[in-house]
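# Chains, contacts and geometry: an overview
Okay, here's what each chain looks like letter by letter:
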Amino acid sequence: MTTLVMNINIQMFLLLFACNIAFDSTQAKGTYEIDYQNNTFLKDGQPFRYISGSMHYSRVHPYYWEDRLLKMRLAGLNAVQTYVPWNVHEIKPGLFNWEGFSDLGKFLTLAQRQDLLVLLRLGPYICGEWEFGGFPAWLLSEDPNMVLRTSNTSYLKWVDKWYTTLLDYVKPYLYNNGGPVIMVQIENEYGSYFACDSIYMSYLLKKVKSLLGDVVVYTTDGCGLHYLYCGKSEGAYATVDFGPTDKPEECFAAEKFFELQGPMVNSEYYTGWLDHWGQPHSKGNTTLISKSLDAMLATGANINMYMFVGGTNFGFMNGANSPPYQPVPTSYDYDAPISEAGDLTPKYFAIRDIVSKYNELPRLPIPPNTNKSRYGKVNMEFTCIIQDALPYLTPDGPLKFTYPVPMEQIMFYFGFILYRFVLTTNYSAPTALHCVGIRDMAIVMVNAVPFGKLDRDTTTVNITGALGVYVDILVENQGRIGFGSSINLNAKGIIANVTLGGKTVTDWLIYPLNIENINFSTAGKIKTSVSKPFKSADGTLMTPSIYVCSIFIPHTPYQPQDTFLDPQHWGKGQAIVNDFNIGRYWPGRGPQVTLYIPKPFLNKEPELNFLYLLELEHAPCPGDSTCYVTLTDVPYLDGPNKLR
């Protein structure tokens, strides 16, 4: 099929479906409730069972929300489940964002237009392998004694303010107010948390009921009585989550122990699984997933498939798990039925076949996958080492401290931060620079020359240097932990003193690095002091540096299109396309190699598209300052070290 025909078809499908079920703000209010006696939900007085899928609006470009929702509906689903991440909405205390990726109202409206009901997970904690489990990082600056997810006074103060704003925003979208939201979830898998604070859970429920009125509120916990014991809150309907390898009868029995009557609900039926850097790409067995789904639906259970639509942790929004510390990659493809890039997989069609046995499928053709373009190799040019970019990345200049302090103490929360001190004597022999408080990875440089890396496990690097030269420690925050009790230990940067030769280092300059300041304007202004990065003595590291290239986009109809950045011969770093931080790359570690670039990040004019890399470790540029990356039309998520 030609590109022209495929694009016209996609537009026609969206238009046709939108016309059939166009959003009507004056439509009649409905009712949604639990019929305990008959073990079912009632929608407008009639028995109702939802077959739902998870899609996270903050992980999908808004341009593609309707495309993904349409594909969900055409799979026979009648509902979509989504998280509300607090940290994408309350950017600073009292400063709220409801636009772009944070336009929850638009997402809910589009879901209703595609004839999908909504299961809305309010948090305030969401997990989801999202940065800090959805909490705004500025909470860490408010009170060092704050205990998250409890009735701790300082924590509840901020939750109360957030819930008041959120619930007022959500109320018009409730089903009983004419909107698509049929149920709201408080907290998430609270039974897996150490606190078991019933006062806290009761507070959340009362707050929701007081502001939203008569709405079905539910909780979600793991498969087991011990999870539900602390996760269940009196007055909220208890549901469970489990995957295709679990025994449904045992999991639903645990739910029934706490809900003697009422519908069976699996709120997270796993269609795949998450990835961690350095581990194989997770894949779910389609046959097993379909068979187990069929068995549960045959019992009348309500099912939400997690995930149904893959997504992306753009920028610095990936989370991490612990122990041990395991950051999540940029991709949140999850091996979902609809991929990170919106493609329909064999799993999609297998699940659709199962769902069709229980729900009537819409009488519309399934749209083709969105077009991807292979723009080929593009040459990257060395711009400068990180030290030369400091005036632009830290335009207000460094902060002075006697001892190093965490990011949060200077109210800087994401990405990279550079700590600098001056050698006060000569160190001609290798001398141990030691720190147990690196969060999470650091490059140690003397006079811009790299000497080694530090992380949570590697705590010592030997350095040499002359009196008066700078020692720089560039620290990367690789994502905050979002599950378990360690969420209360999420400070980033350098969180403990540094010693050199056994003596505590003092008198620090701290540079919070705003890497989004790297753009066409600033890249042309930076005065570089060297023609190429310095290398470590063993040749394994280079000075962290900025590289830039222009991306040629053909001047033809239906360009630009989605594409994938393939940096597989590079080391580790951050990629920015035009003004958007598309995420972290670490191809040698894997499993993710390519980074997804949705077409809205690209400009139509070919001369106006630029790619910037902040490369931390090594660039494939032997002997010169120019090298390349590839823009391809195929994702590569199952590395590492697997060359095509």
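Residues numbered from 1 in each chain as written. Predicted model: local features only at pLDDT ≥ 70, side-chain atom pairs only at ≥ 80, totals over all residues. Heavy atoms only, no water.

What follows deals with the overall build of the protein. Along the protein, the regular secondary structure elements total twelve helices and 37 strands. In the protein, buried positions account for 62% of the 644 residues. Put simply, of all contacts in the protein between residues at least 6 apart along the chain, 79% involve residues at least 24 apart. Element-wise, carbon and sulfur atoms account for 54% of the exposed surface of the protein, whose accessible area totals about 24700 Å². (Helix = DSSP H or I, 4+ residues; strand = E, 2+ residues; numbered from the N terminus. Buried < 20%, exposed > 50% of the residue type's maximum accessible area, 1.4 Å probe, protein only. Contact = heavy atoms within 4.5 Å. Areas by Shrake-Rupley, 256 points an atom, 1.4 Å probe, with all protein chains shown as cover.)

So, on to the state of the cysteines. For the structure on display, the rule yields three disulfides. The disulfide partner of C621 is C627, and the gap between their sulfur atoms is 2.0 Å. Judged by the sign of its S-S torsion, about 45°, the bond between C621 and C627 is right-handed. In terms of burial, C621 and C627 fall into one category: buried. (Disulfide = S-S within 2.5 Å.)

So, on to the pairing of strand β26 (residues 470–476). With six of seven residues buried, β26 lies mostly within the body of the structure. Pairing of strand β20 (residues 416–422) with β26 involves seven bridges; the strand directions are antiparallel. From the neighbouring strand, F421 faces β26, where its bridge partner is V471. (Pairing = 2+ DSSP bridges.)

Quick look at empty space enclosed by the protein now. Considering all chains together, one arrives at three cavities of 30 Å³ or more under this definition. Taken together, W273, L274, D275, H281, V328, S331, Y332, D333, Y334 and L637 make up the full set of residues lining the largest cavity. (1 Å grid on protein atoms, 1.4 Å probe; cavity = no way out; pocket = protein on both sides within 12 Å on 5 of 7 lines; lining within 4 Å. Points joined across faces, edges and corners; volume = space filled by probe spheres on them.)

The calculated volume of the largest pocket comes to roughly 1100 Å³. In terms of lining, the largest pocket is formed by 35 residues, of which the most central are N87, I91, M317, F414 and E516. Within the residue set of the lining of the largest pocket, elements represented by two or more residues are β6 (90–92), α4 (139–142) and β34 (580–585). With three residues, the single largest contributor to the lining of the largest pocket is β6. Its residues placed into classes, the lining of the largest pocket shows 18 nonpolar, eleven polar and six charged. Each pocket or cavity is described by its volume, and for the second largest pocket that value is around 550 Å³. In terms of lining, the second largest pocket is formed by 25 residues, of which the most central are Y325, D440, R456, D457 and Q478. Taken together, the elements giving at least two residues each to the lining of the second largest pocket come down to β16 (326–327) and β24 (449–455). When grouped by side-chain class, the residues that make up the lining of the second largest pocket number ten nonpolar, seven polar and eight charged. (Nonpolar A, V, L, I, M, F, W, Y, C, P; charged D, E, K, R; others polar.)

Now for the sheet that holds strand β13 (residues 302–306). The sheet built from eight strands closes into a barrel, its strands ordered β4-β5-β8-β9-β10-β11-β12-β13 with parallel pairing. Looking at each pair of strands side by side, their axes are set apart by 30° on average, direction ignored. Pairing of strand β8 (residues 117–121) with strand β9 (residues 181–185), which is carried by four bridges, proceeds in the parallel orientation. Note that in β9 the partner of L120 across the bridge is V184. (Axes fitted to C-alpha atoms, helices over the stretch in contact; angles between N-to-C directions.)

A few words on the sheet that holds β24. Taken in spatial order, the six strands of this open sheet run β19-β30-β20-β26-β23-β24, and their pairing is antiparallel. Edge positions in the open sheet fall to β19 (399–401) and β24, since each of these has one partner strand only. On average, adjacent strands in this sheet sit at an angle of 25° to one another, irrespective of strand direction. One ladder, built from six bridges, connects strand β23 (residues 441–446) with β26; its direction is antiparallel. Bridging across to β26, V444 finds its partner in I473. Contacts from helix α11 (residues 386–393) reach β20, β23, β26 and β30 (508–513), with the element oriented near 70° to β30.

Here the focus is the packing of aromatic side chains. The geometry of an aromatic ring pair is captured by the separation of the ring centres together with the interplanar angle, meaning the angle of the planes. Enumeration over the complete set of coordinates arrives at 47 aromatic pairs. Summarising the aromatic geometry, the rings of W98 and W162 are spaced 6.1 Å apart at their centres and angled 10° between planes, so their arrangement reads as stacked. Of this pair, W98 sits in the loop between β7 (95–96) and α3 (104–113) while W162 sits in helix α5 (residues 153–170); the two residues are 64 residues apart in sequence, bridging distant segments of the chain. Accessibility expressed as a relative area gives 17% for W98, which makes it buried. (Phe/Tyr/Trp six-rings, centres within 6.5 Å; stacked < 30°, edge-to-face > 60°.)

Domains assigned within the protein are domain 1 (50–357), domain 2 (376–382 + 519–632) and domain 3 (396–513). Between domain 1 and domain 2, the C-alpha centre-to-centre distance is 34 Å. Listed as interface residues are 22 residues of domain 1 and, on the opposing side, 20 residues of domain 2. The tally of links between domain 1 and domain 2 comes to zero salt bridges. Applying the counting rule to domain 1 against domain 2 returns nine residue pairs in polar contact (both at pLDDT 80 or more). (Domains from an automatic or database assignment. Salt bridge = Lys/Arg side-chain N within 4 Å of Asp/Glu carboxyl O. Polar contact = N/O pair within 3.5 Å; in protein donor to acceptor, adjacent residues only side chain to side chain.)

Mapped onto this structure's residue numbering, the UniProt feature "domain: Beta-galactosidase 1-like first all-beta" (unreviewed entry) falls at residues 404–514. Annotation note: span residues 404–514, helix share 0%, strand share 50%, distance between end C-alpha atoms 19 Å. (UniProt positions renumbered as here; feature names shortened; annotations may be inferred.)

When two helices pack together, their arrangement is given by the angle between the helix axes and by the axis-to-axis distance. One can describe the packing of α5 onto helix α6 (residues 198–212) by two numbers: an axis separation of 10 Å at closest approach and a directional angle of 25°. Between α5 and α6, the crossing angle belongs to the class labelled roughly parallel. In this structure, α5 crosses over α6, and the sense of that crossing is right-handed. Facing Y155, L156, V159, D160, Y163, T164, L167 and D168 of α5, the residues of α6 in contact are Y200, Y203, L204, K207, V208, L211 and L212. (Parallel < 35°, antiparallel > 145°, perpendicular 65-115°, else oblique. Left-handed = near helix turned anticlockwise from the far one by under 90°.)

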